[in-house]
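Report on the structure
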Amino acid sequence: MSAAVLLDLSLLIVVIALGWPLGRYMAGVYGTEPGFARRALAPLERGIYRLCGIHAATEMDWKGYAVALLLFNLAGAVFLYALLLMQGHLPLNPQGLGGVRPGLAFNTASSFVTNTNWQAYAGETTMSYLSQMLGLGVQNFLSAATGIVIVVAMIRGIVRTQRRELGNFWVDMTRTVLYVLLPLSTVFAVILMAQGVPQTLEPSVHAHLIAPFLSGKTAVTHQVIALGPVASQEAIKELGNNGGGFFNANSAHPFENPTALTNFLEMAAMLLLPTALVFLFGRMAGDDRQAWAILAVMLLFFIPLSLVSAHFDLAGNGALRALGISQTHTRALAGGGNMVGVEDRFGVGASTLFGAVATATSTGAANCAYDSFMPLSGLVNLFDMQLGETIFGGVGSGLATMLALVVFAVFLGGLMIGRTPEYLGKKIESFEIKMASLSILVMPLLVLIGTGLAVVTAAGRAAVFNPGPHGFSEILYAFTSAANNNGSAFGGLNADSPFYNVTLGLCMLIGRYWTYLPLLALAGSLARKPRIPASSGTLATHTPLFIGLVAGVVLLVGALNFVPALSLGPVAEQLMRLPSSLMVVH
Amino acid sequence: MSVMKSHATNGEWNRLARDALIDSLKKLMPQHQIRNPVMFVVYAGAWLVWALWIRDLVDMRTAMSAFTGTVDAWLWLTLLFASFSESLAEGQGKAQAASLRQARQTVQARRVQEARADAPYESVPGTQLRPGDLVRVEAGDIIPSDGEAVLGVASMDESAITGESAPVIREGSGDRTAVTGGTRILSDWLVIRVTSAPGDTFLDRMIRMVEEASRRKTPNEIALGILLVVLTLVFLVVTMTLYPYSWYAVHYAIHKGHVVGITVLVALLVCLIPTTIGALLPAIGIAGIMRLMRANVVATSGRAIEAAGDVDVLLLDKTGTITYGNRQAAEYHPAPGTTQEQVAAMARLASLADETPEGRSIVALTQKRFPGQTQALGADAALITFTAQTRMSGVDAGGHRIRKGAPDAMRAWIGQHGGAWPQELEITIQRVASRGATPLVVCVDAAALGVIELKDIVKKGIRERFAELRRMGIRTVMVTGDNPLTAQAIAAEAGVDDFIAEAKPEEKLSRIRAFHDEGHMVAMTGDGTNDAPALAQADVALCMATGTQAAREAANMVDLDSNPTKILEIVRIGKQLLMTRGSLTTFSVANDVAKYFAIIPAAFVGTYPALSALNIMDLSSPRHAILAAVIFNAVVIPFLIPLALKGVRTRAASAKSLLRRNIWIYGIGGLVTPFIGIKFIDLLLVWL
């Protein structure tokens, strides 16, 4: 356990050490004062604007910003949908894969355009290289950039006074991709390649087995080893909190995540931009303490939750213990614990932490089978998402949701000290509360109603492999993952069915746009307001007291809604001590 | 209006409570319940469970019907408690509105065509008067409408509005021209120009304010209402989806137990939605307005009360608010060769017949310092009164001419009488003036005895009040017509943060605008017509009841006691209103944690017996657990009614310490209290 604690803390230290300068750098990307990248690449940036006919100097109000965002995302989704349907007739398809079925194509397009990256398919047997690169890869960048520009616009709303404009969507998107995502993922892809991740357009390799064997009555003599442009996908998959793996096994596949070092770096990459954006917020607001306060709230949840997850999984499975099987902490057992579904080159500690990182951020990547976690470790994954993807959360979108919850905390806190609530000098009035409510409201509704719909319909129940409360957890997990735009899969649920493709696809779309459009409206309203100077009568929003208040709101407004559902899933499972992961062999 | 002044007696409370009880039963009609979305959910749930109870009765399921019936009864009680709190608060308002309405009676008015004492009049009903009409009123008349005196001087009884029975003077010029409809003229006569349309007089607006207190929502109330509706909506879905989840668990997951009952789900729903704050929210708002009324302040809108809580700059007139309003003798400074007692004695003699506040204060100071000085004026004494030409006053007595007056006037007088003007005296005069005080020189014949120092006396305790305000983050700015030197001295003594000296009305207005540009919220007091533009600009504008009609119209609050210091009290009431709402919301939401621990294991223990591990309160049985949670949820409302009506305790403290205190009491307290309460009720249920 002490090794898990050490890993957890060293990861966070590395992330903060990298996130801090990155946040400053990004202030130069979005601020009025151009940083060195913007100065160096100014001609290129201007060239892009000229080519696309963008008037970079014209800023948009929140409605203009929202419309541009919606149109751009819609175009991306339609393009991806069409590409997937037609991939059989398109080049760069060495495996000769056919077109994707419409239901799955809709689900996948919704998934990648919303930064969810829920995958109801296996990448290596479904997607051509063209679809991977031009379709999924491009959306990996654009959906991440969309998340980032949402929070940049929101920060501008808080920071600006008596203005209507939140910035120019096209300019923000261009700069995000050009100055942030491309450089970072290029560097990270090169590191991954150095560690052994393939980057090639060669078709799959047919390798002859040294020791052929009989499977049933067929002799297995060779193995297909899938290849492809993996490293470039892998880099943006983690950095952009996408999480859609090139391979079905995601980061458990040795070609996506070959070494302990890449495992550590991939976790760091998932946390990097969400952390840097928090610091960017502090920088743009001219008050770094605000950033530290928000980071403190995130850590206040993340550290205990990730350690709880590690604790229960490292403790091992009681049913195995009863049979006298050792799960102790030894090097031979890769650190011991509940090794079901765990890659032994990572061990249990690095797997639960990966799970916590992938669900706290909206990445949803996996380096093990989450389905086989001990129930309370699985609950941590679920809970991380049910906190509304605010604990780090998706790139941009996570901080945006967190700021909406901060608005609630400020509202309650403001009333408790007898003032009309204000955040960073901006009054929080009924319009702000309305928009924040509209945004926060939708996720629990989608998760709860979606799960309810699935359990009462035969189509919903048909996908469940596991009996007992675990089967319920699987459905709950799927809807939680989709509505929160996480994309993490619990497994154990056959989600490639018309029912799940459509319902989860809708959850992803509604969960994305219904959550963030009201926040843009909120930003637009805040931008128009004057700033109220602070005094000793103002609620300070950087103190430990306020951090506690925000944490309380995140818990009460965000997570309290899921207590009944959780008690019928993982909680019941853990209390029953049903070793459900033993009942089905993966 | 004496209701306002005195707190309700026990008997009145009993009557209020009885009326409220009857009224709250009437409030159980759907058309009233629909206005409060949170409580409407409870209402719908109560009917639903009622129907289930009837079904259980018909089906003769005795044990089940007893449980369903008990839950239903407590749901109805929850609704009753909620309506009761609102009725109780409204009852106080109704009593005040009724007493105000007594003052508003239709009277015959003498309408005249021109403002002359002997102009002919025609008799018209008061309700037909239009703005601009001239009316003549005489001793004994009730003033028919709001207006401005244009001619005459009269004494008025304004107790119908202000509760103050001492007569006040109104006259046709100056700043005391405003007359209010419903007040009575005691002596003499006035010609009034009507300023209000019928139905829109000050009295009408007061009545409307009291009556509409429950209907009009303030901005923060609206915002909070949205939050509560959203929470309710989410919890509605949380409980509704539990039915399919439970159904799945029973039929597919584990094949054990029964699907959770509708009664249990309704109970869970009612416990989870913020009923505590939902029930008390209307009462809190009304009670805030009533507290203001009890302080004898009438606000024209609830918005103004909330704004009072947000104010961070107070613009205060020096005179009347910070100082007592007149200069008083504070010190005697003897000239070389004389003693302080001599100066005091002569200053007293010179002032014995001086009826001005300054004169009286000199007599009082001598009496205090030298009680032995009791010499009376002889019968031959001749009083010399102050004139603008001589600028001195005094007395000729016992062959001496005793004078006091402004230094330059006195120097001229001494020069005329061949006396010498001591250089040291000049230094003393300078020193006194530099302190912002007024020096008066005392002479006997041609000899200057010394200097009387007249000072603006800063009100007792005002310095501490300003220090409190500073801790609350509120800046105080003193406005005075004095020169900067004087202003600075008084500002330092009173402890205000800033001052505006030699202030003209335009300057007030421009300062308020400047504060607004910096994002501040400004409160000010005023009474004169020239204050009106600034009053209209300020966020919270308190006008004295003695103020002119223009000032009253521009202000959004009127202080019936005409006590400018009351602005401080108004700020406190405004803050208290918001704090009560915020604290009870926090309490209400924090309560949910314990309710989960009571109801979730109880509802699902049949399906998953292992969930009994969550029964950390060790409640006796599932049904008792659910009942205990519902009962706690209901009884917490009447327990909190006094808090809702009185408001949470306020202190002058920084935001930080206020927040810490309220989070501890209402946040952590709200988390812990229901655990204790539900366990206690469960024990009671077992015992019964």
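1. Some thoughts on the interface of chain B and chain A
The interface of chain B with chain A comprises 61 residues on the first partner and 57 residues on the second. Sorting the residues of chain B by area buried against chain A places Tyr245(B), Tyr248(B) and Leu659(B) first, and these three jointly supply 15% of that buried surface. Taken together, the links from chain B to chain A amount to eight residue pairs in polar contact (both at pLDDT 80 or more). Where the side of chain B that touches chain A is concerned, the elements lending two or more residues are helix 8 (219-253), helix 11 (302-310), helix 17 (462-471), helix 22 (566-590), helix 23 (592-604) and helix 25 (655-687) of chain B. No other element matches helix 8 of chain B, which puts 22 residues into the side of chain B that touches chain A.

2. Some details on the packing of aromatic side chains
Residues and elements named next belong to chain A. Under the criterion given, the structure shown has 26 aromatic pairs over all chains. Judged by centre distance (6.0 Å) and plane angle (25°), the rings of Trp-20 and Trp-292 are stacked. With Trp-20 in helix 1 (residues 2-30) and Trp-292 in helix 11 (residues 288-314), this residue pair connects regions lying 272 residues apart in the sequence. Look at Trp-20 and you get partly exposed, because its relative accessible area is 28%. Under the relative-accessibility criterion, Trp-292 is labelled partly exposed at 40%. When the centroid spacing of 5.6 Å and the interplanar angle of 85° are considered together, the rings of Phe-302 and Phe-392 count as edge-to-face. With Phe-302 in helix 11 and Phe-392 in the loop between helix 14 (375-386) and helix 15 (397-416), this pair connects stretches of sequence that are 90 residues apart.

3. Topic: empty space enclosed by the protein
Residue and element names in this part refer to chain A. Using the criterion set out here, one finds 16 cavities of 30 Å³ or more in the structure. Computed from the structure, the largest cavity encloses a volume of approximately 200 Å³. In terms of lining residues, the largest cavity is bounded by 23 residues, among which Gly-388, Thr-401, Met-443, Asn-484 and Thr-515 are the most central. Secondary-structure elements contributing two or more residues to the lining of the largest cavity are helix 15, helix 16 (430-456), helix 19 (498-528) and helix 20 (544-559). For the lining of the largest cavity, the residue count by class is eight nonpolar, 14 polar and one charged.

4. Notes on the environment of Leu399(A)
Residues and elements named next belong to chain A. Here Leu-399 lies in helix 15. Spatially, the C-alpha atoms of Leu-399 and Thr-126 are 34 Å apart, while their sequence positions differ by 273 residues. When neighbours within four sequence positions are excluded, Leu-399 is seen to be in contact with Val-151, Ile-155, Leu-277, Val-278, Phe-281, Ile-294, Phe-392 and Gly-394.

5. Some points on helix 13 (residues 347-360) of chain A
The end-to-end C-alpha distance of helix 13 of chain A, which contains 14 residues, comes to 20 Å, matching closely the 20 Å that a straight helix rising 1.5 Å per residue would cover. Along helix 13 of chain A, 14 of the 14 residues are buried, which leaves the element largely enclosed by surrounding structure.

6. Quick look at the confidence of the model for chain B
Residue and element names in this part refer to chain B. For chain B, the average pLDDT comes to 85, and 96% of its residues sit at 70 or higher. Low pLDDT, under 50, characterises residues 1-7; the stretch is placed with 20 contacts to residues that sit more than four places away or in other chains. Predicted complex metrics record ipTM = 0.91 and pTM = 0.85.

7. Describing helix 4 (residues 37-58) of chain B
Residue and element names in this part refer to chain B. The end-to-end C-alpha separation of helix 4 is 32 Å, in line with the 32 Å expected for 22 residues at 1.5 Å each. Turning to helix 4, its buried residues number three or more, namely Val-38, Met-39, Val-41, Val-42, Tyr-43, Gly-45, Ala-46, Val-49, Leu-52 and Asp-56. Once helix 4 finishes, Met-60 follows within two positions and takes phi at roughly 60°, a positive value.

8. Points about the pairing of strand 14 (residues 400-405) of chain B
Residue and element names in this part refer to chain B. In the sheet, strand 13 (residues 392-397) pairs with strand 14 via six bridges, with the strands oriented antiparallel. Counted as the bridge partner of Gly-394 is Arg-403 from strand 14. Where strand 13 hands over to strand 14, the hairpin turn is made up of two residues, of which Gly-398 adopts a positive phi near 55°.

9. Observations regarding the side chain of Asp146(B)
Residues and elements named next belong to chain B. In this structure, Asp-146 sits in the loop between strand 3 (134-138) and strand 4 (147-151). A polar contact of 2.8 Å, which involves the side chain of Asp-146, links it to the backbone nitrogen of Gly-181. One polar contact links Asp-146 to Ser-196, side chain to side chain, over a distance of 3.5 Å.

Rules used in this analysis
Residues numbered from 1 in each chain as written. Chains lettered and ligands numbered in written order. Predicted model: local features only at pLDDT ≥ 70, side-chain atom pairs only at ≥ 80, totals over all residues. Heavy atoms only, no water. Contact = heavy atoms within 4.5 Å. Buried area = accessible area lost by both parts, 1.4 Å probe. Polar contact = N/O pair within 3.5 Å; in protein donor to acceptor, adjacent residues only side chain to side chain. Helix = DSSP H or I, 4+ residues; strand = E, 2+ residues; numbered from the N terminus. Phe/Tyr/Trp six-rings, centres within 6.5 Å; stacked < 30°, edge-to-face > 60°. Buried < 20%, exposed > 50% of the residue type's maximum accessible area, 1.4 Å probe, protein only. 1 Å grid on protein atoms, 1.4 Å probe; cavity = no way out; pocket = protein on both sides within 12 Å on 5 of 7 lines; lining within 4 Å. Points joined across faces, edges and corners; volume = space filled by probe spheres on them. Nonpolar A, V, L, I, M, F, W, Y, C, P; charged D, E, K, R; others polar. Expected span 1.5 Å × (residues − 1). pLDDT = per-residue confidence, 0-100. Pairing = 2+ DSSP bridges.

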